[in-house]
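Architecture at a glance
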Amino acid sequence: MTKKALYSTLGCKLNFAETGTIAAALADRGVVRIAPGETPDFCIVNTCSVTQEADRKCRRLIRSLHTRYPSARIIVTGCYAQLQPVEAASLPGVEMVVGINDKLRIADYVSGTATEVAEVVPSRMLREFMPSCSRGDRTRYFLKVQDGCNYWCTYCTIPAARGRSRSGTIEQLVDQARRVADEGGKEIVITGVNIGDFGNGTDHNFLDLIRELDKVDGIERYRISSIEPDLLTDGIIEFVAGSRRFMPHFHIPLQCGSDDVLRLMRRHYLSDLFAEKVNKIRSAMPHAFIGVDLIVGARGESPERFEQSREFVESLPISRLHIFPYSERPGTRALTDIDLVVSPEEKHRRMQVMTDVSTAKQRAFSEPFVQTVRPMLVEHVSHGKTGGFTDNYLRVKLPTPRPDLANRVVNVRLKSLNPEADKFIGEVI
Ligand code: SF4
């Protein structure tokens, strides 16, 4: 009888790309994805460990899968599995814990071609790059071009989970993009842990990669996911400004607008450089969406430093903030090197302050687009809803379902904006 698997992915786009590849490898061995209402033989859980809350979510998800499907064999992989293998193995129903190194070999374990599950390899030994691309579950594809990170920011646990920076080759990745085009995919999001570091240790860099990807026929849109400001070169910005396929959409982690805190975090830039990059994008592409990550309540963020951060963020011509409350991670240097701790109540208050700043930024960015026409890739054709994102990442809903337009780029008039300023009602023209 055909075996069935349920896939659950937590965390970043990289995990989504890798789950897509795990699912494709299992499908090659005859293990199909469950349809709604079916009971899985396997639950593959690809986890995240970026915050305490992420760890909690992993545990909750695994417990609820076991309650819902008591006979399913649960296989846990991803960052939480890599960092907390013993805890993950002790959760109910968990049959296997697979480290990052062996994530893409889950199909071998499930199909019985691997006799034993490899021990979780320590992160310093993670050297291999495993190309992956998510397919089939969304209109957009996530192409992983890089893994790991050499930066060791003091609050971050990702290098401990994902190991040192490593990348695919340009040929390998162009080939993956061609396969996406052959499957009819129109949009690829380029992902990695620290994608600007692509090619580190080789003769190639991220700009070389995107120049080659830009030549792949059939792909109409690329988006660059989060890229460190010190690695976002003027060359990359100018290339995107001149490309028809690379969308005017940037996502840049700032983390804090106070230079003192950036130094404590051991980030590779100060606020001046960040502002320079944002202004460069804005003058080259006035319509570009610029999303900015921000951590509030980090260790060392005194009230004065928070105020500096707020003022700096307010001064930037950006489109939206992605705000995260600081989360203490075991094993990070912030715990030993930085004494000042922000209380949970104060963190909550600062979240609210920055959320208000973000809403104002979103409104100021979005309002001028009311009644303008922009290209949109039609997604979400289900439950009677059709919508998508414009080139510059404005979310649009079409009032009447248009399944005939699925996976097509169409021009839409942005007729009105909702009160939260984060969604347009559009009309296909
Ligand atoms: S750049 Fe810093 S925050 Fe980002 S993954 Fe690397 S260590 Fe973590």
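Residues numbered from 1 in each chain as written. Predicted model: local features only at pLDDT ≥ 70, side-chain atom pairs only at ≥ 80, totals over all residues.

Moving on, we get to the site of the ligand. In the region of the ligand, the neighbouring residues are Cys149, Tyr151, Trp152, Cys153, Cys156, Ile158, Pro159, Val193, Asn194 and Glu228. Across the shell around the ligand, the residue classes tally to 8 nonpolar, 1 polar and 1 charged. (Near = placed C-beta within 6 Å. Nonpolar A, V, L, I, M, F, W, Y, C, P; charged D, E, K, R; others polar.)

On to helix 8 (residues 206–213). All buried positions along helix 8 are accounted for by Phe206, Leu209, Ile210 and Leu213. All buried residues of helix 8 fall inside an arc of 90 degrees around its axis, so they share one side. (Buried ≥ 20, exposed ≤ 12 C-beta atoms within 10 Å, placed from the backbone. Helix = DSSP H or I, 4+ residues; strand = E, 2+ residues; numbered from the N terminus. Arc of directions from axis to C-beta.)

Turning our attention to the environment of serine 366. Inspection of the secondary structure assignment puts serine 366 in helix 14 (residues 344–366). Classification of serine 366 as buried rests on a count of 23 C-beta atoms within 10 Å. Each C-alpha atom, one on serine 366 and one on aspartate 230, is 27 Å from the other, the two residues being 136 residues apart in sequence. Excluding its chain neighbours within four sequence positions, the residues that come into contact with serine 366 are Leu394, Leu417 and Ala421. (Contact = placed C-beta atoms within 7 Å.)

Counting 98 residues, the largest nonpolar core has Ile74, Val76, Leu143, Ile188, Ile290 and Leu294 as the members making the most contacts within it. Domain assignment of the residues forming this core places at least three in each of domain 1 (3–121) and domain 2 (125–367). Not counting residues within four places of it along the chain, the set of residues in contact with leucine 143 comprises Ala17, Cys133, Leu173, Gln176, Ala177, Ile188, Ile190 and Thr191. Formed by 9 residues, the second largest nonpolar core is a distinct cluster that contains Met376, Leu394, Leu414 and Phe424. (Core = buried A, V, L, I, M, F, W, Y, C linked by C-beta atoms within 7 Å. Domains from an automatic or database assignment.)

Partitioning the protein chain into domains gives domain 1 (3–121), domain 2 (125–367) and domain 3 (370–428). The C-alpha centroid of domain 2 is placed 26 Å from the C-alpha centroid of domain 1. In this assembly, 21 residues from domain 1 lie in contact with 24 residues from domain 2. Elements represented by at least two residues in the side of domain 1 that touches domain 2 include exactly helix 1 (13–28), helix 2 (52–68) and helix 3 (79–83). Of all the elements, helix 1 adds the most residues to the side of domain 1 that touches domain 2, at 9 residues. Classifying every residue of the side of domain 1 that touches domain 2 by side-chain character gives 10 nonpolar, 8 polar and 3 charged.

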